[in-house]
Amino acid sequence: MFEEVHSMTHKLRSEVSGSYTLATPIPKALGGNIMTASPISDLNPVFMAAGCKLTLMDKDGSRVVQMDDGFFVGYRKTAVRPQEVLLSVNIPYSKRTQFVSAFKQSPRREDDISIVTAAMSATFAPGTDILEDLRLSYGGMAPTTVLAKRTASRLLGRPWGEELLEEACSSLAEEMILDPSVPGGMVTYRQTLTLSLFYKFYLTVLKKLRLQGVSVPEIGPECASATEVYHPQTASSVQIYQAVPEGQSQDDVVGRPMMHLSAMKQATGEAVYCDDVPLYENELHLALITSTKAHARILSVDASVAERMPGVVCCLFADDVPGSNATGVRQDQSVLADGKVTCVGHIIGAVVADTQLQAQRAAKAVKMQYEELPPVVTIQEAIAAQSFYQPIRTIQSGDLEAGFKEADHIIEGEMHIGGQEHFYLETNVTLAVPRGEDGEMELFVSTQATTDTQSQVARALGVPSNRVVVHVKRMGGGFGGKESRSTLLSTVVAVAANKLNRPVRCMLDRDEDMLITGGRHPFYGKYKVGFMNSGKIVALDVSYYGNAGNSMDLSLAILERALFHMENSYSVPNVRGRGFICRTNLPSNTAFRGFGGPQGMMVAESWMTDVAQSLGCSAEEVRRLNLYAEGELTPYNQILHGLTLDRCWDECLSQSGYQQRRAAIDLYNRQNRWTKRGLAMVPTKFGISFTATFLNQAGALAHIYTDGSVLLTHGGTEMGQGLHTKMVQVASRVLGIPCSKIHISETSTNTVPNASPTAASASSDLNGAAVQITCETLLKRLEPYKTKNPKGSWEDWVKAAYFDRVNLSANGFYKTPDLGYSFDTNSGRAFNYYSYGVACSEVEIDCLTGAHKNLSTTIVMDVGHSLNPAIDIGQVEGGFMQGLGLFTLEELHYSPQGVLLTRGPGSYKIPAFGDIPTQLTVSLLRDAPNDKAIFASKAVGEPPLFLAASVFYAIKDAIIAARAESGITGPFRLDSPASAERIRNACSDRFTKLCPPAEPGTFRPWSVQV
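Residues numbered from 1 in each chain as written. Predicted model: local features only at pLDDT ≥ 70, side-chain atom pairs only at ≥ 80, totals over all residues. Heavy atoms only, no water.

### A word on the sheet that holds strand β11 (residues 236–240)
- Overall, mixed pairing links the 5 strands, which are arranged β11-β39-β38-β37-β29 in an open sheet. If you trace the sheet from one side to the other, it starts and ends with β11 and β29 (675–688), each paired once. On average, each strand axis in the sheet is inclined to that of its neighbour by 10°, with strand direction left out of account.
- Of the strand pairs in this sheet, strand β37 (residues 833–846) and strand β38 (residues 852–862) are connected by 10 bridges, and their pairing is antiparallel. Directly across from Cys840, in β38, lies its bridge partner Thr858.
- Sheet strands in contact with helix α18 (residues 645–655) are β11, β29, β37, β38 and β39 (919–924), and its direction is about 30° off that of β37. (Pairing = 2+ DSSP bridges. Helix = DSSP H or I, 4+ residues; strand = E, 2+ residues; numbered from the N terminus. Axes fitted to C-alpha atoms, helices over the stretch in contact; angles between N-to-C directions. Contact = heavy atoms within 4.5 Å.)

The following block contains the structure:
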């Protein structure tokens, strides 16, 4: 990210001679930057380039030291003596012929630490362009902030022109080198940045010298954008939805933009989450003991020191599990590791103590000895070792061989899509309370899967499920991460509570949660595609490899969904898709919003872009040409009914002003060399249903009390997505009473048994239908009393029924009809229906740094007849932004030994406010009823996420324009996420050529692509 440090350069550019001293109290950030000596400090390069002096003081007196390359003596070490404090910073005023600039490049534009920082000061002989003094200071290029002294000395006495630039870049490329194994990685990128940032400084100084009347070469207008300082623009957004039909009763809230029922409580902090449950009188706290090795035999565990520490009650290991130690979706994991660990973060044991801090301290004191075994970490290592879980899935339709023979052109390609951390605001948490008899246990858990939690805990305790009750009030986010992986913690906490017969609580810290629980599956896709001169796709052969980690978990279903979405929204007559689940020594990856669909569709859009590039035509034309039409068959032989793709496409094309934008972008790109703009329009078709047929069921329970109030519950859990709000709306419409009379307290296993996880975007459909059936049952029972007393109130009818001894409690059950697909015969209905959407995005990239700006996004989403447009638009916007993180920002870094290196917000970057497109328009498609779901609505949770791929492919479009400037054309590989590093390295130019990457295999990288 290119920005000048305004407050500092303002002082540094003063034209008065003398100096400016910041005396005590020095601002904390300023003093802290100096004294902590971070090698990626934003300010230290500025102080060094400016030639600042520091006044230090101890009990023996004060001294002044120059802030130069001798001040930082090692990593986070300075020349300050142990007893000295920093008293003041003396910043010299700059001369009229001195120019100072500061630069910063970080993964995310806002609120982020740097990858590389730089400050540069150039002083000229008065009235000339002859360089008298040059200081080039860099952070992020060594264990300390450094000065490029060799380069600076070579350039002194030279005129500020093209020859100096060439010499400077060659010299910096030799001087600012990094070891290929350096911590932080991104070696080629960081080295290229040192040159790119100097070039920006070079242009900036040229501009300023000309303003002073010095005769120097003029900057061409096409290069001017390289000197611009970033200023955020005021964002704007538009939300478009259909009003309810005329004549709909004011009391009927279905289809109205009703506020989330917990919104005010959440905004004020009054909403109760799992860890807000008050402490029980004799409650204990638990901390996990986890493996530090990716693959090893456990030779010994020594907990003696931990057991003697203050507050420690006991340590737990595999022998303490009273029931089955086998757990997980397929019983291929352990509650506590027994003899062997298969990933870093594998839970070996736990410490229970009086306080959380005591438990955590003691857990760190447990000593383990291992015999290390070779780990498999990456997809490529798994392919080489043939380390796959079975089965290998295939979907095939048409005649692939004939399709490739018919094709005018055939191209091959590949793409890697990185994983993603769920980063829910509330980490995993469980409170287990033993009930003192019959092995009963009550659990308060942050989970999407109450029934799975109940059954896994019961199995670990060796009791039937009817002794375990699981309660979920609400979650602070789930995104799939609490569907199957929350039981990792729940089972251990329950075992501890059972052993001690006391309540036990554990809430994971963020770094623990990220280390242990896994995330979205990284995917690698290889494809071969055949197409005609017109752009029509006639054959596709694609293979997917998903990095599952150390257990199957939900990986088979995730891979299957990737295959179900391998063609995205395009009709391909001859197709074969194969899917491989890679068994590796990483924490098991799991469900994440989209559930393999985004990875499957991302590869599809990659080959679609390659086809357009090969033909030299617009990607949007090729996409439109290949879109599905009503009644066509998918590769898994499902007929598409009620298709709205074409309507979404045409509406998005019109609302986004696509043609005008395309013309404006083409003009902009002709006029600018170092910033480029890109535009992309991407569709999505997302199948709605659990692909495991048995999960497509739901139950609900409602009690009407004698005062007319209704207590409603259902099998779905609330994680901020507004499910409870929608269920209250459904009940309100069916019963014909205001929402204020209906309350949902929680989800629990003793009210609705055998509930499917709240997942697959199907919860409103399934639970909504169950609630409808429940309420219709109650309404039928009340009907005689409404008929007897038509002018009576709801309360009158309820009381009359009660006194007539009518049951005012009912449950309802729903299962989705006509579902079931067979991979063996490639037949059956995999999905109940599809949600469709199209997004058009415009971006601007800085070709010199790889930074990008999201200028505009227009989304048209088909959600049927929306149950609640406010919540649905929120889901579209939220899903889009989470996808934006996946495809442009969020990167999980693992060491070659399988250690997760990005374990918190300091190193793992989710989107910030500044990443939201400056213009964001979300429109819900009008008049698109869906006869397959509750009140003609459609699912909305997962489908919008993939639309953020429009930003990724707009970035790729901009990179294509940048590469054309260097004479490079044709398809190229761009892996996801499109980080600043990947963007910069793809924009091949004179600077990247000076910084070639090290030969793979000649060094051990800091992180590997898993």
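### Concerning the sheet that holds strand β20 (residues 388–397)
- Spatial ordering of the open sheet is given by β20-β28-β27-β26-β21, a layout of 5 strands whose pairing is mixed. What marks the edges here is a single partner per strand, and that holds for β20 and β21 (409–417). With strand direction ignored, the average angle separating the axes of adjacent strands in the sheet is 10°.
- Summarising the sheet, strand β27 (residues 537–549) and strand β28 (residues 574–583) pair through 10 bridges and their orientation is parallel. Within β28, the residue paired with Ala539 across the bridge is Asn574.

### Quick look at the packing of helix α5 (residues 162–175) against helix α6 (residues 187–211)
- Close contact between α5 and α6 brings their axes to 9 Å; oriented N to C, the two are set at 155°. Classified by the angle their axes make, α5 and α6 are roughly antiparallel. Regarding α5 and α6, the two cross each other, and that crossing is right-handed. Residues Glu162, Leu164, Leu165, Ala168, Cys169, Leu172 and Ala173 of α5 lie in contact with α6, whose contacting residues are Thr194, Leu195, Phe198, Tyr199 and Tyr202. (Parallel < 35°, antiparallel > 145°, perpendicular 65-115°, else oblique. Left-handed = near helix turned anticlockwise from the far one by under 90°.)

### Considerations on the packing of aromatic side chains
- All told, the structure shown has 30 aromatic pairs when counted by the stated rule.
- Look at Tyr199 and Tyr202: their rings are 6.3 Å apart centre to centre, the planes differ by 20°, and that puts the pair in the stacked class. Separated by 3 residues within a single helix, Tyr199 and Tyr202 lie in helix α6, roughly one turn from each other.
- For Tyr199, a relative accessible area of 5% translates into the label buried.
- Ring geometry for Phe564 and Phe823: centres 5.6 Å apart, planes at 35°, overall tilted. Taken as a pair, Phe564 in helix α15 (residues 555–564) and Phe823 in the loop between β35 (820–822) and β36 (827–829) lie far apart in primary sequence, 259 residues in all. Grouping residues by exposure puts Phe564 and Phe823 together as buried.
- Ring pairing ties together the aromatic residues Phe99, Phe124, Trp160, Phe198, Tyr199, Phe201, Tyr202, Trp674 and Phe991, which thus form one cluster.
- Lying across the ring of Tyr230, Arg109 places its NZ or CZ 3.8 Å from the centre.
- One cation-aromatic arrangement involves Lys482 over Tyr424; the distance from NZ or CZ to the ring centre is 4.4 Å. (Phe/Tyr/Trp six-rings, centres within 6.5 Å; stacked < 30°, edge-to-face > 60°. Buried < 20%, exposed > 50% of the residue type's maximum accessible area, 1.4 Å probe, protein only. Lys NZ or Arg CZ within 6 Å of the ring centre and 35° of its normal.)

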